Amino acid sequence: MAEASLTGRPAWKALEAHYAKLKGLHLRELFAQDAGRGERLTLEAAGLFLDYSKNRVTDETLKLLVGLAEECGLKAKIDAMFRGDRINVTENRAVLHTALRAPKGAKVMLDGVNVVDEVHAVLGKMATFCAKVRSGEWKGHTGRPIRNVVNVGIGGSDLGPVMAYEALREYSRREMTFRFVSNVDGIDFVEATRDLDPAETLFIISSKTFTTLETMTNAESAREWALKGLGGDKKAVARHFVAVSTNAEKVSEFGIDTANMFGFWDWVGGRYSMDSAIGLSTMLAIGPEKFGEMLAGFHEMDEHFRTAPPASNMPVLMGLLSVWYGNFFGAATTAVLPYEQYLKRFPAYLQQLTMESNGKHVTLDGAEIAYQTSAIYWGEPGTNGQHSFYQLIHQGTKLIPCDFVMFNKALTPLGRHHDILIANVLAQAEALAFGKTADEVRKEGTKEALVAHRVFHGNRPSNMIVAEKLDPRTLGRLVALYEHSVFTQGAIWDIDSFDQWGVELGKALAQRIIPELEGAGEPRLGHDSSTNNLIRRYRGRRR
Ligand code: G6Q
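Residues numbered from 1 in each chain as written. Predicted model: local features only at pLDDT ≥ 70, side-chain atom pairs only at ≥ 80, totals over all residues. Heavy atoms only, no water.

A. View of empty space enclosed by the protein. This structure, assessed with the given rule, holds two cavities of 30 Å³ or more. Volume-wise, the largest cavity comes out at about 170 Å³. The wall of the largest cavity is formed by 20 residues, among which S322, T334, P401, D403 and N463 lie closest to the centre. For the lining of the largest cavity, the secondary structure elements donating two or more residues are α15 (314-329), β10 (333-338), β12 (402-407), β13 (462-467) and α21 (472-493). Element by element, the count of residues in the lining of the largest cavity is highest for α15, at five residues. Grouping the constituent residues of the lining of the largest cavity by class yields 10 nonpolar, nine polar and one charged. Quantified by volume, the second largest cavity comes out at close to 50 Å³. Taken together, L100, V119, V122, L123, M126, G263, W265, D275, S276 and A277 make up the lining of the second largest cavity. Residue contributions to the lining of the second largest cavity peak at four residues, all from helix α7 (residues 115-135). Residue classes in the lining of the second largest cavity are distributed as seven nonpolar, two polar and one charged. (1 Å grid on protein atoms, 1.4 Å probe; cavity = no way out; pocket = protein on both sides within 12 Å on 5 of 7 lines; lining within 4 Å. Points joined across faces, edges and corners; volume = space filled by probe spheres on them. Helix = DSSP H or I, 4+ residues; strand = E, 2+ residues; numbered from the N terminus. Nonpolar A, V, L, I, M, F, W, Y, C, P; charged D, E, K, R; others polar.)

B. Just the packing of aromatic side chains, in detail. This model, assessed by the stated rule, comprises 27 aromatic pairs. Summarising the aromatic geometry, the rings of F82 and F305 are spaced 6.5 Å apart at their centres and angled 45° between planes, so their arrangement reads as tilted. Of this pair, F82 sits in helix α6 (residues 74-83) while F305 sits in helix α14 (residues 288-307); the two residues are 223 residues apart in sequence, bridging distant segments of the chain. F82 sits in the buried class, given a relative accessible area of 14%. Ring centres of W324 and F329 lie 5.3 Å apart, and the angle between their planes is 85°; on these two criteria the pair is classed as edge-to-face. Through a chain of ring-to-ring contacts, the aromatic side chains of W12, Y19, W324, Y325, F328, F329 and Y371 assemble into a single cluster. The ring centre of F31 lies 5.3 Å from the NZ or CZ of R37, which sits over that ring. Positioned above the aromatic ring of F254, the side-chain terminus of R223 is 4.1 Å from the ring centre. (Phe/Tyr/Trp six-rings, centres within 6.5 Å; stacked < 30°, edge-to-face > 60°. Buried < 20%, exposed > 50% of the residue type's maximum accessible area, 1.4 Å probe, protein only. Lys NZ or Arg CZ within 6 Å of the ring centre and 35° of its normal.)

No statement about biological role is implied by the geometric values presented.
Here is the structure:
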């Protein structure tokens, strides 16, 4: 069984034995033993600096983890992805998001076609369109220029665009308003459009399949809203709606001119699509040139991941550390804590990237898995979290590895704010690692009854990811870092990181329940007694 093959590997066994010896070792000792640790266990790649010295690892741990990666054939798996092999086996698809940011002239052949040429053709079409909208040349139905852009999409067709817009707001066209509608809860649409003028509003219907229930429901409401505001002339749709999709037929059925459709391909997974045409709202906000810089940042990290040896490969190291904590220390979650307000949606974005990719229970060949797969990712920007959940990270009973993200420069310096912000992120990582002993607490004159409450055991691991400043290029590097860390973990766990069958069951059940809620006559319900009862109660009270 494949399941036995991971936990039965010599490298895995060696890590188990090593863990038994190392688990009691404190980061205080590790730092005391090696004065150079804080400088040695760092890595610089693709413009990012990673300090991984505050992890519960020794040189031996790192060697064993790298050995595990080698035994699992990580290098061959990386090459297979970049080459366009159909590594998404359950959907029989290639996984080529790296081709989305390959430079013009590069070659990645899939079924006899150089997909990089296709990518650049779409990028060119996007750039032309964005230039027209941004310059005011593109006019709405009544002749007014577009001032508002509303992206309608969900999951991979929403989280990346929202995150990127928020992250790169500083670079965005400030005179324009950008909104994002994802939830089928009508409030999302109503709030996003309540103060917008339909004559100046462009909807981007972003849906790879163009069949997603939430997106199509919102798209229909958007069409109604726009037509109502524009006097009901159906011709208005062409000036106020564009589509990002792989499904030309459905796009044209909806009434969008396929000349205003921006395509992508089945080899781009939704959660890996923010740098495809799904990023049209990002390009409208920051312009084609800055969008190109973001792609260049992605590509730099791709090249590092593809070529660097595992021991000095940043995404590989981060992926292996996640395996170390998840599979050996039993850590169930990882906190991502950006000290940068513009990255406020970054943890939400990463939740999909990590958990939809690696939240799997069978191996590639379908064998049930007996080891842990993806951690739960969560987080909030610092310093806000410090005044809420950090208590648990410092003194709770769970081990929560943390990824801190900091930038050397503030985008808009304001007095002492940035120094104070950075002092906090450095302090948190230090406090988590080294804590405060009972003796240290006593020395401060603390009453004996309170000593235990004020002890920090420390030994709580963290990564510190440092970048110069948050700009499009850095955002690309950062996202690619996590994409490839996710890949590394999936490769070790021998799972398909690129499918998402786990979202299907609920979707299908919802389709069955919708008519049971809406139908005029009392439906014959065939669910369990709880679901039947809830449906009846809702039907009786819904209006
Ligand atoms: C991502 C998933 C999923 C997808 C949404 C939207 O990897 O596949 O989140 O992006 O379900 O799908 P459409 O783009 O097809 O509407």
